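The chain contents come next:
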Amino acid sequence: MLIIKNLTIKNAKGSILLDDFSLTLSSHDKAAIIGEEGNGKSTLLKAVYDQSLIDEYASVSGVIQKNNCRIGMLSQKLDSAWFDSAICDYCLKETVDEEIAYERYNELMNLEKLCVQLRLDPLMLSSQQLIKTLSGGEKVKLQLLKLMSRHYDVLLLDEPTNDLDLDTLMWLERFMNEYEGALLYVSHDETLLSRTATRIILLEQVNKKTKVRHSIYNIGYDQFVQEHQASAIKAEQLANKEKEIYEKKREKLLKILNAVHDAQNSCSRQDPHTARLLKKKMHSVKSMEKRFEKESYTKLDTVEEAIDVMFDDFDWNPSKVILDADFCVEVADQRLIEPFELHVRGFEKVVFIGPNGCGKTTLMKQIIELLKNRSDLKLGIMPQNYQEQMPYEMAAVDFLAPDHDKDTVTRAREMLGRMKFTRDEMAAPIHSLSEGQKAKLFLLRFIMEQCNVLLLDEPTRNLSPMSNPALRECLCDFKGCILSVSHDRRYIQEVCTTIYQVKEKQLFKIDKLQLEL
């Protein structure tokens, strides 16, 4: 059993990320932490696992009772210190510099069986392949492989679905549901949340990020969404009713106040008795006014709104030829996808799906190279590695207004404000922002530059369950063409009109009904 009592986390500036948080996590609990980007979800997981991981940027007070629980953690990104290690070394070692004890090689048989479950090639364990050569999804699978082989009592999972292919996602859901220990995890995958979570922990920053709050729901995700929405509507209705009653009382009080004041002005000096009565009445009314001001009415916290922007309308020919070309995907003389023809028109919203490492991202890079010099297209590019298209030392507002034109800067600030960026965040270097905020910056840039073709590699993976529905709606309404790679099942279902699947080195166009999601 893991017990957290009165946990408060502050960042280096003294701002509170989590305030007086308490939680008891028992065996079989599957508690999902959700909230907008930058709300401290990953920081909470790190604090529970090892507080030294956040010492550089946060301080912690409160009690974390681990009660001899063996706790394992899957990080958002595999530590780069391992990148020059062989896969086998990573699986058998606890630290990079550790020597592998001879008896640990007995674990290889079990690791090979787990590789099959994760759709990893067991021969990787006997090869000298370095971790840095793996795809993003393969690195996540490797972390899962190591965790599964250790038999922990509690697993902390930070975005476990990032970069995983569809088959592995469904395997992960089964693993999480059948896991006998406790799970505490952060995820933006609404389908996974819906199918696995038994408890929901909501972290929020409200009133323009000046106040933090948390709520714990002992229910599944779908029920949480319904109850949370219903609760927000009910709270708004109650606040509006209280305000209406307050305004009526205030109006009545002002009428009495004005009437007494008028009576005092019209009272003659020859009638001192009436003047004394009116003075006494005015004193009574003033006392009522003071009591009334103290009562006030319930004022709702201004909550974080996920995405409050939409693409502007633009002239576009839905029959326009975007792609009509032959492709063949190869990496280092290794053929990943056999030669194929690709035809895409302006009305299509295309997604490429397939196993990790099958060449989807490489294909997207080939498409970008083919389209980037087309004068009739305005491309919006979101790569899997944001830094390829985003100067991390640049301020957020400068990324949207690189020419520093006064009107453009004003619009950029207005757009960032609608995305709930604070003034400090607008001026901060991009590397200091959360991954979700960086994704939102790309979306804002696409809107401001009036892009008509979007090339998106995993566009939803860093956005919260609150932001993703709004992003999907935004992309559904986008008039132009979208070419994307994604494993997000709701994005595929709701946004994409054309699906291409990579299977056994062949690219197939498939119907959405053929796809098991």
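The structure reproduced in this document is the subject of the present report. Everything quoted here is computed from the prediction, not taken from an experiment. Sequence order as written defines residue numbering, which begins from 1 separately in each chain. The model is predicted, so local features are restricted to residues of pLDDT at least 70 and side-chain atom pairs to those at 80 or more, both for listing and for counting; the totals for chains, interfaces and linings are taken over all residues. Note that water and hydrogens are dropped before the side-chain values are worked out from all heavy atoms of the structure.

This part covers the overall build of the protein chain. For the protein chain, the helix and strand inventory stands at 15 helices and 17 strands. Counting only C-alpha atoms and orienting by the principal axes, one finds that the protein chain spans roughly 110 × 65 × 45 Å. Buried residues are those whose accessible area, probed at 1.4 Å on protein chains only, stays under 20% of the maximum for their type, while exposed residues exceed 50% and partly exposed ones sit between those limits. By residue count, 48% of the 517 residues in the protein chain fall in the buried class. For every accessible area listed, the method is Shrake-Rupley and the probe measures 1.4 Å; residues are considered covered only by the protein chains on display. For the protein chain, the accessible area works out to roughly 26,300 Å², and carbon and sulfur atoms hold 48% of it. The numbering of helices and of strands both runs from the N terminus, where a helix is a DSSP run of H or I of at least 4 residues and a strand a run of E of at least 2.

Further remarks concern the pattern of salt bridges. When the charged atoms of two side chains lie near each other, side chains of opposite charge can form a pair. For salt bridges, the criterion is a side-chain nitrogen of Lys or Arg within 4 Å of an Asp or Glu carboxyl oxygen. The final tally for this structure, using the stated rule, is 28 salt bridges. Here Asp312 ties to Arg411 by a salt bridge, and the two come within 3.3 Å at their closest N and O atoms. Highlighted residues: Asp312 in the loop between helix 8 (272–295) and strand 10 (321–331) and Arg411 in helix 11 (residues 406–418), separated in sequence by 99 residues. For Arg411, a relative accessible area of 30% puts it in the partly exposed group. Among the ionic contacts, a cluster of salt bridges with common partners joins Glu94, Arg104, Glu107 and Arg150.

What follows deals with the sheet that holds strand 6 (residues 154–158). Sheet architecture is open: six strands sit in the order 5-6-7-3-8-9, paired in mixed fashion. Lying at the two open borders of the sheet, with one neighbouring strand each, are strand 5 (71–74) and strand 9 (211–217). Across this sheet, the average inter-strand angle for adjacent strands is 15°, counted without regard to direction. Any two residues having at least one pair of non-hydrogen atoms within 4.5 Å are treated as being in contact. Angular values range over 0 to 180 degrees, each being the angle between N-to-C directions of two axes fitted as lines to C-alpha atoms, with helices fitted over their stretch in contact. Strand contacts of helix 4 (residues 136–148): strand 5 and strand 6, with the helix running at about 175° to strand 5, the strand carrying the most contacts. Two strands are counted as paired when DSSP detects at least two bridges linking them.

This part covers the environment of Leu515. Structurally, Leu515 can be placed in the segment after strand 17 (506–510). In sequence terms Leu515 and Ser486 are 29 residues apart; their C-alpha atoms lie 14 Å from each other. In contact with Leu515, not counting residues within four places along its chain, are Leu166, Ile353, Ile492, Ile499 and Ile510.

As far as function goes, none of this settles anything; it's purely spatial.
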